[in-house]
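Read off the chains here:
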Amino acid sequence: MTRSSRKRQWIKATLITVVLGLGGCTESQKGEPETKQQTVAPAPSVPLGVSINAVMVGLVDHASHSIWDAATPQRAPKTDKAWEEIQHHAIQLAAAGSVIAMPGTGSSDAAWVKNPEWQRYSRELSDIGVQAWDAAKKKDMKAISDVGDKLVANCESCHKAYKGDLPTEGILHPH
């Protein structure tokens, strides 16, 4: 099996896991659709061992820049491999939405994840990741640009509500 086909299998398996995991969150315990007022998921059996901020800087920021960069003419993907890389980062965003719905080690994390607004931003991030993945699979530049705009709006709204002008708390990133 070639490296490329192993990578494709890993991406497909990861996306299936994320989608199935997200799909399990769409119905209530009684099998009825959830109302707009949703509850916070129970604590995970494997706790998030880092702060939500660390996840945002190390995972979300990096993956987001890949989507945003792809929408620019000078950095647009031109090869199948480049489109696969965009798909990989889109999967990271889809998964990150679920990850940041869990409290981490940050001082504000537990309070944030209890807030329905935070949960909505988290779900939107996952949805945007899936949309980016679909756009990258189709090699659709217009859709990548549109998803990038949705990602900007989600990030800015969430930061305005929860992060304000706080720095990255000393966590370095390459962007």
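Higher on the page you've got the structure.
Because the structure is a prediction, the values reported are computed rather than measured.

Things to note about the pattern of salt bridges
So, step 1. Evaluation of the coordinates by the stated rule reveals five salt bridges.
So, step 2. Arg75 is the salt-bridge partner of Asp69, the closest N and O atoms lying 3.1 Å from each other.
So, step 3. Of the residues examined, Arg75 reaches a relative accessible area of 53% and is grouped as exposed.
So, step 4. With a shortest N-O distance of 2.9 Å, Glu124 and Arg120 are connected by a salt bridge. Placement of both Glu124 and Arg120 in helix α5 (residues 116-138) is noted, with a separation of four residues, approximately one turn of the helix.
So, step 5. Using a relative accessible area of 29% as the deciding quantity, one classes Glu124 as partly exposed.

Quick look at the side chain of Ser126
So, step 1. Within the element layout of this structure, Ser126 appears in helix α5.
So, step 2. At a separation of 2.7 Å, a polar atom in the side chain of Ser126 contacts the main-chain carbonyl oxygen of Ala94.

So, empty space enclosed by the protein
So, step 1. In this structure the tally under the stated criterion is one cavity of 30 Å³ or more.
So, step 2. In this structure, the largest cavity spans a volume of roughly 70 Å³.
So, step 3. Met56, Val60, Ile100, Tyr121, Ser122, Leu125, Asn154, Cys155, Cys158 and His159 together form the lining of the largest cavity.
So, step 4. Contributing elements (two or more residues each) for the lining of the largest cavity: α2 (52-70), α5 and α6 (141-163).

Regarding the nonpolar core
So, step 1. Judged by nonpolar contacts, the single largest core of 32 residues is most densely connected at Ile52 and Trp118.
So, step 2. Only α2, α3 (80-99), α4 (109-114), α5 and α6 provide two or more residues apiece to this core.
So, step 3. Considering each element in turn, this core owes the most residues, eight residues, to α5.
So, step 4. Setting aside anything within four residues of it in sequence, one finds Ile52 in contact with Ile100, Met102, Gly104, Asp109, Trp112, Val113 and Trp118.

Re the packing of aromatic side chains
So, step 1. Throughout the structure, instances matching the rule amount to four aromatic pairs.
So, step 2. Where Trp118 meets Tyr162, the ring centres are 4.9 Å apart and the plane angle is 85°; that geometry is what we call edge-to-face. Of this pair, Trp118 sits in helix α5 while Tyr162 sits in helix α6, and the two are 44 residues apart along the sequence.
So, step 3. Trp118 gets classed as buried once you look at its relative accessible area, which sits at 2%.
So, step 4. Exposure remark for Tyr162: the relative accessible area of 12% places this residue in the buried category.
So, step 5. When the centroid spacing of 6.3 Å and the interplanar angle of 90° are considered together, the rings of Tyr121 and Tyr162 count as edge-to-face. In this pair, Tyr121 is assigned in helix α5 and Tyr162 in helix α6, connecting sequence segments 41 residues apart.
So, step 6. The exposure class of Tyr121 is buried, given its relative accessible area of 8%.
So, step 7. These aromatic residues form a ring-pair network of at least three members: Trp112, Trp118, Tyr121 and Tyr162.

Cut-offs applied
- Every chain's residues receive numbers from 1 upward, in the order its sequence appears when written.
- In keeping with the predicted nature of the model, local features appear solely for residues at pLDDT of at least 70, side-chain atom pairs appear and are counted solely at 80 or more, and the whole-chain, interface and lining totals rest on all residues.
- The basis for the side-chain values is all heavy atoms of the structure; hydrogens and waters are excluded.
- The salt bridge definition used is simple: a Lys or Arg side-chain nitrogen within 4 Å of an Asp or Glu carboxyl oxygen.
- Buried residues are those whose accessible area, probed at 1.4 Å on protein chains only, stays under 20% of the maximum for their type, while exposed residues exceed 50% and partly exposed ones sit between those limits.
- Each helix is a run of H or I in the DSSP string that is no shorter than four residues. Each strand is a run of E no shorter than two, and both are numbered from the N terminus.
- Whenever two N or O atoms come within 3.5 Å, that pair is a polar contact, provided that in protein one can donate a hydrogen and the other can accept it, and provided that, for residues adjacent in sequence, both atoms are side-chain atoms.
- Cavity means a closed set of points on a 1 Å grid over the protein atoms alone, one where a 1.4 Å probe fits but cannot get out, pocket means an open set with protein on both sides within 12 Å along at least 5 of 7 lines, and lining means a residue has an atom within 4 Å of a point.
- Grid points are joined across faces, edges and corners, and a volume is the space filled by probe spheres set on the points.
- Residues enter a nonpolar core if they are buried and are Ala, Val, Leu, Ile, Met, Phe, Trp, Tyr or Cys, with the set joined through side-chain atoms within 4.5 Å.
- When checking whether two residues touch, look at their non-hydrogen atoms; a contact exists if any pair is within 4.5 Å.
- What counts as a ring pair is set by centres within 6.5 Å for rings of Phe, Tyr and Trp (its six-membered ring), and what kind of pair is set by the plane angle: stacked under 30 degrees, edge-to-face over 60, tilted for all other angles.

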